[in-house]
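Understanding the architecture of this molecule
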Protein chains: 2
Amino acid sequence: MGRGKIAIERIDNTTNRQVTFSKRRGGLMKKARELAILCDADLALIVFSSTGRLYDFASSSGMEAILERYQEAKEEHCGVLNPTSEISDYLRLSGILYFIS
Amino acid sequence: MGRGKIAIERIDNTTNRQVTFSKRRGGLMKKARELAILCDADLALIVFSSTGRLYDFASSSGMEAILERYQEAKEEHCGVLNPTSEISDYLRLSGILYFIS
DNA sequence: CGACCTATGTATAAATA
DNA sequence: TTATTTATACATAGGTC
């Protein structure tokens, strides 16, 4: 975009990299917020700049809740389906599965 | 964007909401990946759709490492600065602080 | 540095297949 | 319901101050 097209590779010039980081970070945060609202999605975004500064965004349920939900989703529980799995998708589509904690 | 402008509020029509979710999720993931590469940023994105399906993206250091780094950044350690803080920014700008574990 | 300015490249809302 | 098309709205690279 902008006046010229750029390749998606690390920007070597420090000043330019920081300016681009600032602009794109703002754009990404905005898009994340929009997705959460428009589609009723639960999402978390964590960004550390190359200088170590932290920026984050979480939808209404809150960062901690989302991170816990993520850990839960990644675990395999005895007798509990993993919401990431294909079988869970199938059960949801079939109307058999409505919710996974 | 697109043929018409839409308000940023929950999309009531289920089909429309799912189509929009699919498109915007893809766009958000792409932007996240670009920011990580262009600006050498460390980032994690976690998205749960309204039906509970999980989608995620993490830059090269990996999801677990980023989540741990996030928890570290949010904690106050005895004698260790919080990288989120203004004082840390000041020390970085002054060239006094280079790295925070 | 952050704020503003535009020419361009992208993302995407609706419609359609 | 998923893929493609296309008209528009939006994001943003490069400049300026």
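Chain A has the name MADS-box domain-containing protein in an unreviewed UniProt entry, where Triticum turgidum subsp. durum is given as its organism. Checking UniProt for chain A, the heading Subcellular location (unreviewed entry) contains the comment "Nucleus".

This part is about the interface of chain A and chain B. Across the contact, 49 residues belong to chain A and 49 residues belong to chain B. Together, the buried faces of chain A and chain B total about 4,600 Å²; carbon and sulfur atoms form 64% of this surface. In terms of surface lost to chain B, no three residues of chain A exceed Leu 38, Phe 48 and Tyr 70 of chain A, which account for 17% of the buried area on that side. Joining chain A to chain B, the criterion identifies six salt bridges. For the salt bridge of Asp 40 of chain B with Arg 10 of chain A, the shortest nitrogen-to-oxygen distance reads 2.8 Å. Contributing elements (two or more residues each) for the side of chain A that touches chain B: helix H1 (14-39), strand S1 (42-48), strand S2 (54-58), helix H2 (63-74) and helix H3 (86-93) of chain A.

It is worth spelling out unusual backbone geometry at this point. Peptide bonds are, in most cases, trans, and in most cases residues other than glycine have a negative phi. All names here are of chain A. Backbone geometry places Asp 40, a non-glycine residue, at a positive phi of 55°. Looking at where Asp 40 falls in the secondary structure, it is placed in the loop between H1 and S1. Classification of Asp 40 as partly exposed rests on a relative accessible area of 40%.

Turning our eyes to something else, we now look at the relation of the copies chain A and chain B. What connects the two chain copies is a rotation about an axis and a shift along it. Of the two same-sequence chains, chain A is brought onto chain B (RMSD 0.1 Å, axial shift 0.0 Å) by a rotation of 180°. Taken together, the turn and the small shift mark the pair as related by a two-fold rotation axis. In terms of C-alpha distance to the rotation axis, chain A has Leu 45 of chain A as its closest residue, with the C-alpha 2.3 Å off the axis.

Here is what the cut-offs are and how they apply
Residues numbered from 1 in each chain as written. Chains lettered and ligands numbered in written order. Predicted model: local features only at pLDDT ≥ 70, side-chain atom pairs only at ≥ 80, totals over all residues. Heavy atoms only, no water. UniProt positions renumbered as here; feature names shortened; annotations may be inferred. Contact = heavy atoms within 4.5 Å. Buried area = accessible area lost by both parts, 1.4 Å probe. Salt bridge = Lys/Arg side-chain N within 4 Å of Asp/Glu carboxyl O. Helix = DSSP H or I, 4+ residues; strand = E, 2+ residues; numbered from the N terminus. Buried < 20%, exposed > 50% of the residue type's maximum accessible area, 1.4 Å probe, protein only. Least-squares fit on C-alpha atoms with pLDDT ≥ 70 in both.

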